[in-house]
Amino acid sequence: MTVADRVQPVDLDLAAQPPSSAFRRWLAPATFAVFGLVNIFVLGLYSHSGDATFAFSQAFAKVTVPNLSLPAATTCYVCGAITLVIAAVRAFAPLGMALKRVSIAVVVFLFIVALLCWADAGLTTAFNVVNLLQGTLNDSIPIMLGALTGVVCSRSGVINIGIEGQLLLGAFTAAIVSTVTGSLWLGLVCGALAGSLVAVLLAVFAINYRVDQVVLGVVLNTLILGLTGFLYDDLMVPYTNTLNSPPTFTAIKIPLLGDIPIIGPVFFDATVFLYLTYLALAGVQVGLFATRWGLRTRAIGEHPVAADTVGIPVLAMRYRNVIAAGVIAGIGGAYFTIGSVGAFGKGMTSGEGYIALAAMIFGRYTPFGAISAALLFGFMTQLQSIMSTLNTPIQSNLLLMTPYIVVIIVLAGLIGKVRGPRAEGIPYVKA
Amino acid sequence: MELELKGITKRFGSLVANDRIGLSVAPGQVHALLGENGAGKTTLMNVLYGLLQPDEGEILLDGKAVRFHSPKDAIAAGIGMVHQHFMLVPVFTVAENVTLGIEPVRPSGLLDRGKTRREVRELSHRYGLEVDPDALVEDLPVGIQQRVEIIKALVREATVLILDEPTAVLTPAETEDLFRIVRQLKEGGKSIVFISHKLKEVQAIADTITVLRRGTVVGERPPGTTEDELASLMVGRNVQLRVSKQPAKPGDAVLDVDGLVVTDQTGKAWVNGVSFQVRAGEILGVAGVQGNGQTELCEALMGLLPTASGQVTLGGRDLTHATPQQRLRAGVAYIPEDRQQDGLVGEFSVADNMVLDVYDRPPFASGINLRPAAIAANAAERVQEFDVRTPSAGAPVSTLSGGNQQKVILARELGREHKVLLASQPTRGLDVGSIEFVHRRIVEQRDKGLAVLIVSAELDEIYALADRIAVMYEGRITGFRPPTVPAEELGLLMAGAPGQDSGSPGAEPTPSAPTATPGAGQ
Amino acid sequence: MSDQAASPGPATSPGPATAGAKEEERGPDGSFGRALRDAILEGNTVTVTILAIFTAFVVGGLLNAFTNRTVLHAWASLFSAPGHAIATAWDTAVGAYVEMFEGSVFNPHTVAALFQQASFSTAVHDGYLSAVFSPLSETAVQATPLILAGLAVALPYQAGLFNIGAQSQLIGGMIVATFLGYGVSMPFFVHVVVCVIGGFAGGAALGWLVGELKARTGAHEVIVTIMLNYIMAYFLTYLLSFGYLMQAPATSNQITSPIAGNAHLPLLFGSHLRINAGFLIALACAAGVWWLLNRTTIGFEFRSIGKNPSAARVAGMNVERNWVLVMLIAGGLAGLSGATVIQGTDFTLNFQSYGTYGIDAITVALLGLGRPFGVVLAGLLFGALHAGAPLMQAATGTPVDMVEVLQAVIVLFVAAPPLIRTMYRLRAARAGGVGGVMSKGWNA
């Protein structure tokens, strides 16, 4: 009600929250309208004549699903028209928060359908949707795991921009350990520990020495980038065979579930990394919202003083959480090498840690939100690589830009202001 | 349980916050700790609660010496504390807040929310607290939030409850409710330490009153002690609670506020159709319990919050949608409620803070060039004039005491050319000497023929300064009264009971025509 | 002087002045030596910074000693020849730094070569004299973009904004400067100035975008700038992929045509040394930023907003407008940084021209504690590391990535003065002293 809101330090936000909102109000409808017009006037008008064919089964599937053919241009027009209607509704009708989010999802979905129709129109090869989804899920593993790490850290009140460094050191360590010992599992464990080694640095400097956590994360990333680069040139390049030729995990198909059409190959026929991701998601979700640990974690991230006064050791708990969360990102890093390409390469995480950070914010600091956002970004990357194989005139560099542009647009107003845990990034000092 | 403190001493550097304090609280008793801001009440209670370690002295429970290294120890020993600033996580439910730290867990390892809910309901029922365990704390009014804090302590089986300035944020009605709960707790055998600086409340609720001054116990009195005696014990001399001032000679209306509405992003009206005028040479005091829209009123008058509707004019000039800078230039001098947050840049020097809103005007700047010499000269002059105690004008303002910080703001705001002075909680947290200084300066402004608007949650301050009193409740002005109005009547207005004159603001009563009919109800 | 270190009280103002001030304070009974020793032991900013740099070099040396191939072989025979292993480790660690020093400051061989010349005039003419100063020249060349980009981070930092997007702004500046460099034809000097201004504008546009988004929508500048870094990197590659955009004709490489000779920044000391007017631009900008921050009403507003945006707003300052302005200027500085690289040394733009300047800029700004002259010194130090690294790699096989490690470790130590103080058993400076880089949180 009344005073409660005012007594809380909400007013701090006065400085950060400009009063003007007309810009924000029109941003979403305008963006939607642009998507709709692109669907019609770019994708529709310029599509090749003929149908776009979508396949929903892989080559050796036990159960197959028939292909779907759509008239390309017409589909684009329809998608565009629906999008324009949604834009109009969004502009003039009051929608609830849930409906607003649904509207975003629908617009994005329609755009993708239109885009794929346009790309595949008139081609003899069917566009394989299962491959697209499977690739998306796999591509997203490091982003998903990194984002989950970010969620746990943020909820504990520590900003973790060092996810990138955690991924990179995880990848490096997993590669070198797997090569030297020949054991993939040992590589995985060491990669995970490497993630928490970075977390130890983050914890010591952020919690103990109260260094600005944004600055700290960036510096840690630089450190890990330099360190792995140094060791790569110094050791891995001359001794590739003995230090940087790790084996890789192979896919494990889950019996029965793996044979379900579409869903099976996408969700239940993958390397251990995907299953670990499920585990991490379930663990973080249940842990945060249904256990004693979670309640205390959220308390130290929102109001550490209150937690302290009921005897929760704020600093110790932040330490433990940040270091433990590092394990998740470390596994995500290991995916780059022993889960995917094998050998380590300089700077091979190429900014996915930052994408994970964006996914966490985009996902409003919730495990499921973060995972969904991570999947969206993974989908963009996957789409780009598939588009380039379809020989579409879209420049892959422009397509690669889109996830980043999406993040900015989203931050700028599509989903309103995302509020993180109140004490996030503020070191706790005992009174 | 019998609680006794013996010779507790706590130092912060050279400052002795608690000096050999002794205190004993019998079971089933309300023991009030009375003292000014800075007398050492909160420090003492933090020592008792294990948040601070005493340098000397000991705490005895039923005659046995105990040591609290952290609140955990204190809680385990049966001590519960309701902090002045509630220790509640706003995004948690009541049950979650209550259970935090002692969460019951089911065999599966998951939280047992049902058990917590039952406990909250049960306690809530036993002590007449009426709290819904599933409500989100940020949605609750402060009075209820306070009860959540009490439940938190009770769930932990507290036998001694410390209430730190519990009425500061409550309406008179909520205060009455709190007193009822306190009595009920007392009957249940709990001991209560009631910390306050409000004489009347202490008299009303306490069984014993211990008075603190400058870190030492200056006396223990029964509740029947007169207000004057308690007051002089508290401040150490016979205080003149009223500033000596001549009757006002109001002139023309300078500041005219008509139907002002201020809403937040969710559309809730914090200020809901407020109208008043402030005339030259008078002080209008806005009274009311904190959180009834006074803060928003001031911020809207300064242009810090957008005005949803209504009109604000200053000396005939329309300022309704002016920016803060335009308002400052138009002649508003402003003393913000939270001086450290809104009034000063702590790391800046005293000199820089003294030009914080005139740094770009001559003589402090020519074009975009700052003129450090002029800034320094100004500071030297103002430090002298306002008797600011600072090592130098170059010292960071954050190193100054609260009183001296307020003087810096006064020096800056009054040093500018202005037509109206807008002061929000101008003496909050200040010592008596500084309060007198600030009050004198404010009256001086009035006598110079300026219009003055004071917003204060302290009735004493309103009585001391105002030539006319407006009372705010839930974003509205519930009545205008002369300063001769009895406190009980103001109390009713502060709780929302409508007064008789509260119709048209244009027809405000003159100070000489008091209307003293309390509204119906209560 | 803007005090990033948040030192309350005049007695703790960091810097060499402390020693002097303290000596006066102590009066006749304290010798200067003692005062100086106290000042050092007290762990003020300068002491901590120097020790942080020293410690980082030790850490880097250890890293090098324990991973170098020859050293690893020597370790293998540790028990048969322990002295050999340790000696090799020492030689490797120190050898790398010696080479780095020779590549960035002074190489004795060049002096020897100079004195072997028949006459002074041939020495000058054949570049032997230049060779002596060549390492310093290289340091200045490397420091130029670092100083400018460092200022692009340090200036918004003073206004409470963290600009991680120096990279994107630098790319923006490079694109515009390069385009103007090869795309138009103008007389010397005019062309230089036009390209430099273009570089500023290119960066400023991106900085403005960040500020405008924050001001209008509250989008956090850290995330927006990180995203823009990637967007601009991809955009650059896109521009360089098509002949009708910026790709040089008749090539499949992602590179532009070289810029016109008239657009080159003039060399300062003849054709043998690469040091150019860009270095002067960087120094001038540092002085300009100092002036702006400390001597103008604009800087007063920036600093007020950086320290307490709420009070600044109450005092009538337009916080949003200042965010936009400070990011615009910062972007411009980063853009200038890009322009000096193109016009001073590279002359063409490829898809990797931006290198690690964006990240280096952050470390430079942090080591410089957000102050303009600190940034100059930090830029020179890191410039020296960059200048010496190639020689180090060529001579000792130590990878150039060592530089990034050193930079990061230095900044980590500088950011946590208590750590350095504990390591070297320094007393904490009186009444707070060095604050390091204290956290302000994310939501504020």
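Residues numbered from 1 in each chain as written. Chains lettered and ligands numbered in written order. Predicted model: local features only at pLDDT ≥ 70, side-chain atom pairs only at ≥ 80, totals over all residues.

A. Focus on the overall build of chain A. From N to C terminus, chain A includes 17 helices and 5 strands. Scaling as 2.2 N^0.38, a compact globule of 431 residues should have a C-alpha radius of gyration of about 22 Å, and chain A matches this with 23 Å. Classification of the 431 residues of chain A by burial places 53% in the buried group. Sequence-distant contacts in chain A: of pairs separated by 6 or more residues, those separated by 24 or more amount to 78%. (Helix = DSSP H or I, 4+ residues; strand = E, 2+ residues; numbered from the N terminus. Rg over C-alpha atoms; globule rule 2.2 N^0.38 Å. Buried ≥ 20, exposed ≤ 12 C-beta atoms within 10 Å, placed from the backbone. Contact = placed C-beta atoms within 7 Å.)

B. Summary view of the overall build of chain B. Helices and strands together make up the secondary structure of chain B, namely 17 helices and 22 strands. Relative to the globule expectation of 24 Å for 522 residues, the C-alpha radius of gyration of chain B, 25 Å, shows essentially globular dimensions. With the C-alpha coordinates aligned to their principal axes, the bounding extent of chain B is approximately 70 × 55 × 55 Å. By residue count, 51% of the 522 residues in chain B fall in the buried class.

C. Looking closely at the interface of chain B and chain C. Contact residues are listed per partner, giving 29 residues for chain B and 19 residues for chain C. For the side of chain B that touches chain C, the secondary structure elements donating two or more residues are helix H10 (324-330), helix H11 (339-343) and strand E18 (369-370) of chain B. Tallied by class, the residues present in the side of chain B that touches chain C amount to 16 nonpolar, 9 polar and 4 charged. (Nonpolar A, V, L, I, M, F, W, Y, C, P; charged D, E, K, R; others polar.)

D. Representation of the pairing of strand E4 (residues 56-61) of chain B in the model. Residue and element names in this part refer to chain B. Strand direction decides the pairing type here: strand E1 (residues 3-12) and E4, joined by 5 bridges, are antiparallel. Each bridged residue has a counterpart across the sheet, and for Leu3 the counterpart in E4 is Leu61. Here 3 bridges tie E4 to strand E5 (residues 64-66), and the two strands are oriented antiparallel to one another. Its bridge partner being in E5, Leu61 is matched across the sheet by Lys64. Linking two consecutive strands that pair antiparallel, namely E4 and E5, is a turn of 2 residues; a positive phi of about 50° is found at Asp62 within it. (Pairing = 2+ DSSP bridges.)

E. Expanded view of the interface of chain A and chain C. Facing the 57 residues of chain A at the interface are 56 residues of chain C. If you list the elements that add at least two residues to the side of chain A that touches chain C, you get helix H2 (22-44), helix H8 (213-236), helix H15 (352-362) and helix H17 (396-414) of chain A. At 17 residues, H8 of chain A tops the list of elements feeding residues into the side of chain A that touches chain C. When its residues are assigned to classes, the side of chain A that touches chain C shows 36 nonpolar, 12 polar and 9 charged.

F. Layout of the domain arrangement of chain B. All names here are of chain B. Here chain B is described as being made up of domain 1 (3-235), domain 2 (240-331 + 418-522) and domain 3 (343-415). Taken residue by residue, the interface counts 9 residues in domain 2 and 6 residues in domain 3. When residues of the side of domain 2 that touches domain 3 are assigned to their parent elements, the largest contribution, 5 residues, is made by helix H15 (residues 432-447). A per-class count over the side of domain 2 that touches domain 3 returns 3 nonpolar, 4 polar and 2 charged. (Domains from an automatic or database assignment.)

G. Representation of the nonpolar core. Formed by 410 residues in total, the largest nonpolar core has its most connected members in Ala359 of chain A together with Val420 of chain B. Contact partners of Ala359 of chain A, with chain neighbours within four places excluded, come to Ile143, Ala147, Ala370, Ala373, Ala374 and Phe377 of chain A. Ala28, Phe35, Cys76 and Phe111 of chain A belong to the second-largest nonpolar core, a separate cluster that totals 22 residues. (Core = buried A, V, L, I, M, F, W, Y, C linked by C-beta atoms within 7 Å.)

H. Fine view of helix H14 (residues 402-415) of chain B. Residue and element names in this part refer to chain B. Along its 14 residues, H14 runs 20 Å from first to last C-alpha, staying within 8% of the 20 Å computed at 1.5 Å per residue. Within H14, burial applies to Gln405, Gln406, Lys407, Val408, Ile409, Leu410, Ala411, Arg412, Glu413 and Leu414. Against the buried residues of H14 lie strand E16 (332-335), H11, helix H12 (350-353), helix H13 (372-385) and H15. (Expected span 1.5 Å × (residues − 1).)

I. View of the pairing of strand E20 (residues 451-455) of chain B. Residue and element names in this part refer to chain B. Of all 5 residues in E20, 5 are buried, a share of seventy percent or more. With 4 bridges joining them, strand E13 (residues 283-287) and E20 adopt parallel strand pairing. Its bridge partner lying in E20, Ile283 is registered against Val452. Taken together, the 5 bridges between strand E19 (residues 420-424) and E20 define a ladder with parallel strand orientation. Bridge pairing links Ser424 to Val455 in E20. Handedness of the β-α-β unit built from E19, H15 and E20 comes out right-handed. (Right-handed = clockwise from strand over helix to strand, strands pointing away.)

J. Representation of the sheet that holds strand E15 (residues 317-318) of chain B in the model. Residues and elements named next belong to chain B. Pairing in this open sheet of 4 strands is antiparallel, and the strands run E12-E11-E14-E15 from one edge to the other. Only two strands of the sheet have a single neighbouring strand rather than two, namely strand E12 (269-279) and E15. As defined by bridge partners, strand E11 (residues 253-263) adjoins E12 across 8 bridges and the pair is classed as antiparallel. In the strand pairing of E12, Leu260 is matched with Val274. Where helix H9 (residues 294-301) meets the sheet, it contacts E11, E12 and strand E14 (309-314), and its direction lies at approximately 65° from that of E12. (Axes fitted to C-alpha atoms, helices over the stretch in contact; angles between N-to-C directions.)

K. The domain arrangement of chain A, seen in detail. Residue and element names in this part refer to chain A. Assigned domains within chain A: domain 1 (20-125) and domain 2 (135-368). Opposite the 7 residues of domain 1 that make contact, domain 2 presents 4 residues. Split into classes, the residues belonging to the side of domain 1 that touches domain 2 amount to 4 nonpolar, 2 polar and 1 charged.

L. A look at the environment of Gly367 of chain B. All names here are of chain B. Relative to the elements of secondary structure, Gly367 occurs in the loop between strand E17 (365-366) and E18. For Gly367, a count of 9 C-beta atoms within 10 Å gives the class exposed. Residues Gly367 and Ile335, 32 residues apart in the sequence, show an inter-C-alpha distance of 28 Å.

M. Summary view of unusual backbone geometry. Cis geometry marks the peptide bond from Pro362 of chain B to Pro363 of chain B, where omega comes out at 5°. Mapped onto the fold, Pro363 of chain B is located in the loop between H12 and E17. In the Ramachandran plot, Arg214 of chain B falls in the positive-phi region, its phi being about 45° despite a non-glycine side chain. Note on Arg214 of chain B: 15 C-beta atoms within 10 Å, which makes it partly exposed. The backbone phi angle of Phe189 of chain C is positive, close to 70°, even though this residue is not glycine.

N. Up close: the sheet that holds strand E9 (residues 208-213) of chain B. All names here are of chain B. Within the open sheet, the 6 strands sit side by side as E6-E7-E8-E3-E9-E10. Their pairing is mixed. Edge positions in the open sheet fall to strand E6 (79-82) and strand E10 (216-221), since each of these has one partner strand only. In this sheet, adjacent strand axes meet at a mean angle of 20° when their direction is disregarded. Of the strand pairs in this sheet, strand E7 (residues 160-164) and strand E8 (residues 191-196) are connected by 5 bridges, and their pairing is parallel. Within E8, the residue paired with Val160 across the bridge is Ser191. Most of the contacts of helix H1 (residues 41-48) go to E7, to which it runs at about 150°, and overall it touches strand E3 (30-34), E6, E7, E8 and E9. Contacting E6 and E7, helix H5 (residues 142-155) runs over the sheet at an angle of about 170° to E6.

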